[in-house]
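# Structural overview for review
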Amino acid sequence: MAISHESIYMPSFTIGTDAYDRIGEVTGFFGEQAVIIGGVTALEKVHAYLLPALAQQDIRVLEVVPYGGEATMESVASLVTNPFIQAGQMIFGVGGGRALDTAKLAADKTHKPFFAFPTTPSTGAAATAVATLYQEDGTFGGYFPVRRPAVHTFLHTPILMTAPWEHFRAGLATALSHLWAAQSQQALRNEMLTSFLQYGEQALTDFKNHTLSAAVEKAFIQIIIQAGMPTVFGRTADGEAASREFSAQDLYHVVAGVPSIRQTTCFGEALALGLLLLTVRRRQEDVYRQLYAFYKKIGLPCSLADMAAPEVWAREIAAASREENESAAAAFQQALAELADKSKEQP
């Protein structure tokens, strides 16, 4: 049966060295008072850029509120009841993925327009219509849909360039996994994959050399904006995320609750490994070779042996997949074994 209506809110953004000088042009339609929510480190990073820019554009900051340190429902609940947030006309989220997801969900629950100010090129949280939350112990808590992604995202390139190179590399892996999940036509997907791998390698080189090139800016957009766009479309009539098979993101969530892994492994590394795992399970040999060659050049993991504490990974993946069902566990373990064997066969 056809649905009576459907509203799709596309992500929009401003990118550049003076991106913050354009804030008022966008937010002026929504008010003059804002509350800033973010991580402590991220807030320190943008202090010299964001606050002066807001003052020059007559945007009043009611309060700067730490997001809570972890993207949990408890952090969201604390923000929702904050009197400054309740009084503010807009919410400005500052930081990485967990800070942005926490602020975004708080904005959705308080019916406030949300604007994103990412400080690291490693996540598409600004442009997603879903928030990823965790439990207090660090284990995966679930995906929580929101009405829309950020109204607008401001990509201040000098701030993004201060992120560690490893974060940028992880961001490319994140974007790669989303690109792969979003494309249903194999020919188009392979064409986009080839293009991504070509400019991605150049972008990594330029970023490492502290060069803000066209390739780096293109990668920023791919990671922060385009990577999140599948969540805008991949929804059911009641707003929930559409059902799907195991994804690269799931591999990270399987092991994120293990402190030793969470402290030594970034999100992008797990996504990179998960994407290789998918190509093995789907018998996509050509894609596997492309990804393997790219991973080797930039230092992304090609098997569990490349990860810190591989025995812990193997144990936790086995336990988590077995919780689903024995058939899934067997398929998962077979794919991991094949991935290890294929990695040994490569030059």
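With that settled, consider the packing of aromatic side chains. All told, the structure shown has nine aromatic pairs when counted by the stated rule. On the numbers, 5.5 Å between centres and 75° between planes, the contact of phenylalanine 30 with phenylalanine 115 is edge-to-face. You can see phenylalanine 30 sitting in the loop between helix H1 (23-27) and strand S2 (33-38) and its partner phenylalanine 115 sitting in strand S5 (residues 114-118), a full 85 residues away along the chain. Accessibility expressed as a relative area gives 35% for phenylalanine 30, which makes it partly exposed. Centre to centre, the rings of phenylalanine 168 and phenylalanine 207 are 4.4 Å apart; their planes meet at 20°, and the pair counts as stacked. Of this pair, phenylalanine 168 sits in helix H7 (residues 165-182) while phenylalanine 207 sits in helix H8 (residues 186-208); the two residues are 39 residues apart in sequence, bridging distant segments of the chain.

Right, let's talk about the packing of helix H13 (residues 267-281) against helix H14 (residues 285-298) for a bit. Describing two packed helices takes the angle between their axes plus the distance from one axis to the other. The interhelical angle for the contact between H13 and H14, taken along N-to-C directions, is 155°, at an axis separation of 9 Å. It follows that H13 is roughly antiparallel to H14 by the angle criterion. Crossing of H13 against H14: the hand is left-handed. In this structure, H13 contributes Ala272, Leu275, Leu276, Thr279 and Val280 to the contact, and H14 contributes Val287, Tyr288, Leu291, Tyr292 and Tyr295. Of the residues that constitute the contact of H13 with H14, the class distribution is nine nonpolar, one polar and no charged.

On to the packing of helix H3 (residues 73-80) against helix H5 (residues 97-109), then. Contact geometry of H3 with H5 gives a least axis separation of 9 Å together with a crossing angle of 50°. In terms of orientation, H3 lies oblique with respect to H5. Read as a crossing pair, H3 and H5 show a hand that is right-handed. Contact residues: Met73, Ser75, Val76, Leu79 and Val80 in H3; Thr102, Leu105, Ala106 and Lys109 in H5. Split by residue class, the contact of H3 with H5 holds six nonpolar, two polar and one charged.

Moving on: the sheet that holds strand S8 (residues 152-156). The strand order S1-S8-S5-S4-S2-S3 describes an open sheet built from six strands, whose pairing is parallel. Taken across any chain shown, the strands that pair with only one partner, and hence form the sheet edges, are strand S1 (13-16) and strand S3 (60-66). Averaged over all pairs of adjacent strands, the angle between strand axes in this sheet comes to 20°, irrespective of strand direction. By the bridge criterion, five bridges tie strand S4 (residues 90-95) to S5 in an arrangement that is parallel. Its bridge partner lying in S5, glycine 95 is registered against proline 118. Strands S2, S4 and S5 of the sheet are contacted by H5, whose axis makes an angle of about 170° with S4.

Here we take up H3. Taken together, the buried positions of H3 are Ser75, Val76 and Leu79. For H3, the buried positions fall inside an angular range of 100° around the axis, keeping them on one side. Close packing links the buried residues of H3 with S2, S3, helix H4 (83-87), H5 and strand S6 (130-134).

Time to look at the pairing of S2. For S2, a buried count of five out of six residues is recorded, marking the element as mostly surrounded by other parts of the structure. Bridge analysis of S2 against S3 gives six bridges, and the strand direction is parallel. In the strand pairing of S3, isoleucine 36 is matched with valine 64. The handedness of the S2 to S3 crossover, carried by helix H2 (residues 40-56), is right-handed. Strand direction decides the pairing type here: S2 and S4, joined by five bridges, are parallel. Note on S4: the bridge partner recorded for isoleucine 37 is glycine 93.

Next up on the list: the environment of tyrosine 134. Secondary-structure assignment places tyrosine 134 in strand S6. Judged by its relative accessible area of 8%, tyrosine 134 falls in the buried class.

Quick notes on the rules
Residues numbered from 1 in each chain as written. Predicted model: local features only at pLDDT ≥ 70, side-chain atom pairs only at ≥ 80, totals over all residues. Heavy atoms only, no water. Phe/Tyr/Trp six-rings, centres within 6.5 Å; stacked < 30°, edge-to-face > 60°. Helix = DSSP H or I, 4+ residues; strand = E, 2+ residues; numbered from the N terminus. Buried < 20%, exposed > 50% of the residue type's maximum accessible area, 1.4 Å probe, protein only. Axes fitted to C-alpha atoms, helices over the stretch in contact; angles between N-to-C directions. Parallel < 35°, antiparallel > 145°, perpendicular 65-115°, else oblique. Left-handed = near helix turned anticlockwise from the far one by under 90°. Contact = heavy atoms within 4.5 Å. Nonpolar A, V, L, I, M, F, W, Y, C, P; charged D, E, K, R; others polar. Pairing = 2+ DSSP bridges. Arc of directions from axis to C-beta. Right-handed = clockwise from strand over helix to strand, strands pointing away.

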